Amino acid sequence: MPKIAPEPETGHNGAAVEIALSGAPFDLIILGAGAGGMATALVAALEGLKPLVIERTDQVGGTAATSAGTIWIPGNRQSADAGWYDDPKNAARYLDQLIGDGDRGGLRTAYLATGPVMVDYLRQKSEVRFNPSGKHPDYHHMDGAAVHGRTLYPERFDGRRLGPDFWRVRPPIPEFLIFGGMMAGKEDVPRLIHRFRSMGNFLHAGGLLLRYLKDRLTYSRGTRLVMGNALVARLFHSLRQNGVPVLFEGEVQDLIRRDDTVAGVVVRVAGELRRIEARHGVVVATGGYGHHAGLRQALMPNPTPMHTMASPGNTGGGLELGMRNGGQVDARANAPGGFWVPVSVTRRADGTSGLFPHLLLDRAKPGLIAVNGKGERFVNEASSYHDFVQGMYASHTRTKTIPAYLLCEADFIRKYGLGHIHPGTRRLQRFSDSGYIVVAPSIEALATQLGIDGQALRATVERYNRLAREGKDFDFGKGDTELNRFNGDPEAANPCLAPIEKGPFVALEVWPAEIATSAGLRTDADARVLDAQEKPVDGLYAVGNDMASVMAGTYPGPGTTLGPALTFGFRAAMHAAARAKAVVPEPPSAMSLPTIEAARLAA
Ligand SMILES: Cc1cc2nc3c(=O)[nH]c(=O)nc-3n(C[C@H](O)[C@H](O)[C@H](O)COP(=O)(O)OP(=O)(O)OC[C@H]3O[C@@H](n4cnc5c(N)ncnc54)[C@H](O)[C@@H]3O)c2cc1C
């Protein structure tokens, strides 16, 4: 990636290593500069500890940099202030039903109690700020589920504030960038699509474009950062403001143990092995095992998903270090091992391939169905991305559904887009030539190209069309829930259902992938890694995807991986700080709710 001048020093440079390590001895070493790791380091610094972050790549952000940045924080103050009050007791009821199995170790209670405190704390003491999303329904229609007020999104950030360090922020995936480098947030997308509909939209779209063109005179991409990129840039900027060093391109080999306490790491950096001690512990925050073939096979369903949305550096290092030092990965408690998303395989301009995650823009819209290898529908297409893939796996036990196909009219794409193809696209030739989509004049011809029985596919489409005309999907309930309709088209006669009858017809292959891994190291409520006897491994914490998800393999609503990553990062740092101040008697007990309330008052 081109970098802005002046050329920054990289971790390979011996001087940069010495600068990063000049603050030794450190109190807390955090492995991984993603959302969980940077949040932990930031809170540690704000609580008076001397943290060091070790990142194995040359950029911060990990998968979080490519994410939407939404966090699921029931009972947050920001939403209540904006008029969307959410009683956390409802969320507790919702999670009890969804997850069941009791609240093992009190993690759920700790999460619900600490999430709002963490958001307020970061807002008051750092540059990490969130705004209320307003309406953003939970993913399951159950008692206690919310439609408004549970989610927050990161406040936009001006990347120019990072100066020559801007390039250190991992960019979003190319599939999410406009003109090869411009970011658009959720609130920008409808205004860009409907730019000619009103003067306000036109000016907004024009303003974004002008800012982007100006940015490109100096920077390798747009500096108006939104979503996950804004979150990680805000975290990174706050680390810089608090003087927290990040040691880049450091490859941790092992943990240092002293008297059964984790007391530092051995790291290879700039070609040398270094021992770096940490007085109050080590936090693994390496983003899970998305790129670890063996762990994927062991912890994910069969057939193992071939694709991952994980950042390239996330190779399971934290889990391996944890397991080598007494930590346990409980696969069963966190089945199915991933937070799923259906992806299509894109062909990028440079000849490489990429992945487009079908999160919310196309599946729920009226006039799209998903079919398996027999040409049958198998799932509510408008369900959450996680449930869609769960539906793929369930159907695959009966008939081939990996890959599955999204099917619609060419006119649908003009209106709503399909995966990587933007709304407004009329000429599909380039996408069919590259193999991204299959286009055919009739349903039968489409079926032939997909290797599906033509009569079966025709029967599926006809049945769906009858239901669409009746306005009710009796087969799979597409359009039945708030979530379905939220992601549908509010301006259409029916937000989620419309007949598919006018050719040409289009099909797009989708595969299972994960936006995050969910199986990880078992911890207590302060993110301390537990051994086989359920005792904390002293001085070892796991946060983010390295920690077994508090959601135990379920996906309650938008932001249920980053919410816990920040919240348990906060708790880990608070715990380490309390231990350092000897506030918590040894052996340290879980941070009590009064302590959290004290932090809330202090913030
Ligand atoms: C398209 C997309 C959208 C998403 N949207 C959302 C959303 O809106 N809300 C939500 O909750 N979740 C979302 N997610 C999931 C979310 O991004 C991840 O769950 C989250 O980033 C995990 O945070 P983390 O800190 O554990 O890992 P990461 O953010 O991936 O950071 C891990 C860091 O550790 C580094 N690292 C890896 N191994 C080592 C090692 N051995 N030593 C040192 N460093 C190491 C990596 O290079 C990386 O920088 C989305 C994901 C995708 C792909």
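Quick caveat, the model's predicted, so the values are computed rather than measured.

Turning our attention to the overall build of the chain. Scanning the chain from N- to C-terminus turns up 18 helices and 20 strands. Here the C-alpha atoms of the chain give a radius of gyration of 24 Å, agreeing with the 25 Å that 2.2 N^0.38 yields for 603 residues. With the C-alpha coordinates aligned to their principal axes, the bounding extent of the chain is approximately 70 × 55 × 45 Å. Within the chain, the fraction of its 603 residues that count as buried is 54%. Put simply, of all contacts in the chain between residues at least 6 apart along the chain, 74% involve residues at least 24 apart.

This part takes up the packing of helix α2 (residues 35-46) against helix α17 (residues 562-580). Between α2 and α17, whose axes approach to 8 Å, the crossing angle comes to 35°. Taken as a pair, α2 and α17 cross one another with a handedness that is right-handed. Here α2 contributes Ala-35, Gly-36, Ala-39, Thr-40, Val-43 and Ala-44 to the contact with α17, which in turn contributes Leu-562, Ala-565, Leu-566, Gly-569, Phe-570, Ala-572, Ala-573, Met-574, Ala-576 and Ala-577. Across the contact of α2 with α17, the residue classes break down as 13 nonpolar, 3 polar and no charged.

So, on to the pairing of strand β15 (residues 368-371). Here β15 shows a buried face lined by Leu-368 and Ala-370 and a second buried face lined by Ile-369 and Val-371. Pairing geometry for β15 and strand β16 (residues 404-409), over 4 bridges, is antiparallel. When the bridges of β16 are listed, Ile-369 appears paired with Leu-407.

The next thing to look at is the environment of Pro-403. Secondary-structure assignment places Pro-403 in the loop between α11 (385-396) and β16. Those residues within four positions of Pro-403 in sequence are excluded, and the remaining contacts are Glu-509, Val-510 and Trp-511.

On to the site of the ligand. Close contacts around the ligand come from 41 residues, with Gly-34, Gly-62, Gly-313, Gly-317 and Gly-544 the closest. Among the elements of the structure, α2, β18 (505-517) and α17 are those that each provide at least two residues to the shell around the ligand. A breakdown of the residues in the shell around the ligand according to their chemical character gives 14 nonpolar, 25 polar and 2 charged.

Strand order across the open sheet formed by 3 strands is β3-β5-β4, with antiparallel pairing between neighbours. Sheet topology places β3 (71-72) and β4 (130-132) at the edges, where each strand pairs with a single neighbour. Looking at chain direction, β4 and strand β5 (residues 151-154) are connected through 3 bridges and run antiparallel. Among the inter-strand pairings, Asn-131 is bridged to a residue of β5, identified as Tyr-153.

Moving on to the nonpolar core. In terms of nonpolar packing, the biggest core is built from 104 residues, with Ile-29, Met-38 and Val-232 touching the most fellow members. At 11 residues, α17 tops the list of elements feeding residues into this core. Tyr-111, Ile-421, Ala-516 and Met-551 belong to the second largest nonpolar core, which has 71 residues in total.

Here the chain is partitioned into domain 1 (71-100 + 115-154) and domain 2 (340-514). Between the C-alpha centres of domain 1 and domain 2 the distance comes to 31 Å. Contacts between the two partners involve 5 residues from domain 1, matched on the other side by 6 residues from domain 2.

Another point: the sheet that holds strand β9 (residues 251-258). Taken together, the 3 strands give an open sheet; going across it, the order is β9-β10-β11, and neighbouring strands pair in antiparallel fashion. Of all strands in the sheet, those with a lone pairing partner are β9 and β11 (272-277), marking the two edges. When strand polarity is set aside, the average angle formed by the axes of neighbouring strands in this sheet is 25°.

Let's shift gears to helix α15 (residues 454-470). Look at α15: 24 Å from first C-alpha to last across 17 residues, which is about the 24 Å you get at 1.5 Å a residue. Among the residues of α15, those classed as buried are Leu-457, Thr-460, Val-461, Tyr-464 and Ala-468. All buried residues of α15 lie within an arc of 95° about the axis, which places them on one face of the element. Across from the buried face of α15, at angles greater than 90 degrees, the exposed residues are Gln-455, Arg-466 and Glu-470. Positive backbone phi, approximately 85°, marks Gly-471, located one or two places after α15.

Between its first and last C-alpha, helix α4 (residues 88-99) extends 16 Å over 12 residues, near the 16 Å set by a 1.5 Å rise per residue. Among the residues of α4, Ala-91, Tyr-94 and Leu-95 are the ones counted as buried. The arc enclosing the buried residues of α4, seen along the axis, measures out at 95°, which places them on a common side. Tucked into the core, α4 has its buried residues touching α5 (107-125).

A separate point is unusual backbone geometry. Note the cis peptide between Asn-302 and Pro-303, where omega equals -5°. Within the secondary structure layout, Pro-303 lies in the loop between α9 (293-299) and α10 (317-324). With omega at 5°, the peptide bond leading from Ile-402 into Pro-403 counts as cis. The phi dihedral of Asp-259 is positive, around 50°, even though this residue is not glycine. By the secondary structure assignment, Asp-259 is in the loop between β9 and β10 (261-269).

Right, let's talk about the environment of Ile-178 for a bit. By the secondary structure assignment, Ile-178 is in the loop between β6 (157-158) and α6 (188-193). Between the alpha carbons of Ile-178 and Gly-222 there is a distance of 9.7 Å; along the sequence they are 44 residues apart.

It is worth spelling out the pairing of β18 at this point. Of all 13 residues that make up β18, 11 are buried, and the element is covered over most of its length. Strand direction decides the pairing type here: strand β13 (residues 338-347) and β18, joined by 6 bridges, are antiparallel. When the bridges of β18 are listed, Val-341 appears paired with Ala-513. Relative to β18, β16 runs antiparallel, the two sharing 6 bridges. Each bridged residue has a counterpart across the sheet, and for Glu-409 the counterpart in β18 is Phe-505.

Predicted confidence across the chain gives a mean pLDDT of 92, with 94% of residues reaching 70 or more. Segment residues 1-11 is flagged for pLDDT under 50; beyond a separation of four residues in sequence, or across chains, it makes 31 contacts in the model. When the criterion is pLDDT under 50, residues 583-594 qualifies, and its contacts beyond four places in sequence or with other chains add up to 17 contacts.

Cut-off values and rules
Residues numbered from 1 in each chain as written. Predicted model: local features only at pLDDT ≥ 70, side-chain atom pairs only at ≥ 80, totals over all residues. Helix = DSSP H or I, 4+ residues; strand = E, 2+ residues; numbered from the N terminus. Rg over C-alpha atoms; globule rule 2.2 N^0.38 Å. Buried ≥ 20, exposed ≤ 12 C-beta atoms within 10 Å, placed from the backbone. Contact = placed C-beta atoms within 7 Å. Axes fitted to C-alpha atoms, helices over the stretch in contact; angles between N-to-C directions. Left-handed = near helix turned anticlockwise from the far one by under 90°. Nonpolar A, V, L, I, M, F, W, Y, C, P; charged D, E, K, R; others polar. Pairing = 2+ DSSP bridges. Near = placed C-beta within 6 Å. Core = buried A, V, L, I, M, F, W, Y, C linked by C-beta atoms within 7 Å. Domains from an automatic or database assignment. Expected span 1.5 Å × (residues − 1). Arc of directions from axis to C-beta. pLDDT = per-residue confidence, 0-100.

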